[in-house]
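Residue-level listing of the chains:
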Amino acid sequence: MRNKKFVFVITLLCLAVVAVSLAGCSLSGERQAGILTPQFTDDTSTGTLVAANNLPAALRVYCSLSGSTLTSSGFYISSDGYAVTNAHAVNYDTDANLTVEDYNGTRLRASVSYINAEIDIAVIKVAVYAEQSYVTFASSSDVNNVYPGDTAYVIGNPSNLGLGVSSATISALDCYVKEENNPAGGIDSIILDANINHGNSGGPLLNKNGYVVGVIYARLENNSASSGQTEDIYGLGCAVPSDLVTEFLAECNVSYSMNVPVANPSRTL
C-alpha cells in the first residue's frame, strides 16, 4: 500500500512538470498585446567575424612632429590606398609627415589628401603596392545599422600597443559634443560605452554586421571631448557618424563602399 502511494505521488509530480512545460511552450509561442517577446540568438561568433573581416583594413597611423610622434588609428576605404583617420591625428596639417603600419606589420608612406576639421576627419593616401582590403560603410538610410543598446565593435591602436578589437554598447545617437580646437565648436556624435584611449582616434566603429557606423575621435571627459583632460567622466567614447564621413568623401570625389539598405520596420520608433 505504501508503495502504491509512493507511485501515485511520483505520477502526480511528473504530470505537474509536464503541465508546466506545456504551459511554457504555449507562452513562448505567443505574443501578448503590448509586450515585446525577446528573440534570443547565438551571437558568440559575431565579434570574431567582425574582427576577421575588418582587421586586414585597419591601420596604425604615425605622424612625425618635431621631437615627437602622434600615434593613432585609421582604416582603408578603397583598394587603391585611400584611408580615413582623424584630422587631429595628422595634426590638421595637409603636409604632415605620415607613415602607416597595417595588420601584417608592413610600414608604408602616406600623405594627407583632404582634411575636414569641423568633423575631425582626414583622408590619407597610402603608397600601397598591391590592392588592399577595405571597409564597407553603413548606409544612413538603413535603420538596422546602429541603434541605442546595440553591440558595436571598435578597432584601434590604443597606446600604440597594436591593432586590436574591443566591444561596446551604443549609448546614444545624435549627441552634440563640444570639442577642443574644433572651428565648428562640436560634433553631432555617437556615444558608446567603450574604453577609448590615446591611439584609438581614427579607428572604425562597426556594427554587428561589420559595417562602419562611425569613426572614433575622442573620449568623453567633463561633458567635452578632449585628448588631454582627465576629469569627471570615464568609460564613454565619441564617434563621428558614418553619414557625415561619407558626405565628406563624396565632396572630395573619393570612392568608398556602402552596404545596400535592408528595411526592418521593427527597428523604427
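Here the structure is shown first, and the text comes after it.
This structure is a prediction, so every number in the text was calculated from the model and none was measured.

A. Just the overall build of the protein chain, in detail. Counting secondary structure elements, the protein chain contains 3 helices and 13 strands. Relative to its full complement of 269 residues, the protein chain shows a buried share of 41%. Relative to all contacts within the protein chain whose residues are 6 or more apart in sequence, the contacts with residues 24 or more apart total 62%. A total accessible area of about 14,300 Å² is found for the protein chain, and carbon and sulfur atoms account for 53% of it.

B. Spatial organisation of the pattern of salt bridges. Enumeration over the complete set of coordinates arrives at 2 salt bridges. Put simply, Arg-60 and Glu-101 hold a salt bridge, and the shortest N to O gap is 3.4 Å. In this pair, Arg-60 sits in strand β1 (residues 58-65) while Glu-101 sits in strand β4 (residues 97-102), placing the two residues 41 residues apart along the sequence. Taken individually, Arg-60 and Glu-101 each receive the classification buried, so the pair is uniform in this respect. Between Arg-107 and Glu-101 there is a salt bridge, with the nearest N and O atoms lying 3.2 Å from each other. Overall, the relative accessible area of 49% leaves Arg-107 in the partly exposed class. Since its relative accessible area comes to 13%, Glu-101 is described here as buried. Each of Arg-60, Glu-101 and Arg-107 takes part in one network of salt bridges that share partners.

Basis of the calculations
- Residues numbered from 1 in each chain as written.
- Predicted model: local features only at pLDDT ≥ 70, side-chain atom pairs only at ≥ 80, totals over all residues.
- Heavy atoms only, no water.
- Helix = DSSP H or I, 4+ residues; strand = E, 2+ residues; numbered from the N terminus.
- Buried < 20%, exposed > 50% of the residue type's maximum accessible area, 1.4 Å probe, protein only.
- Contact = heavy atoms within 4.5 Å.
- Areas by Shrake-Rupley, 256 points an atom, 1.4 Å probe, with all protein chains shown as cover.
- Salt bridge = Lys/Arg side-chain N within 4 Å of Asp/Glu carboxyl O.

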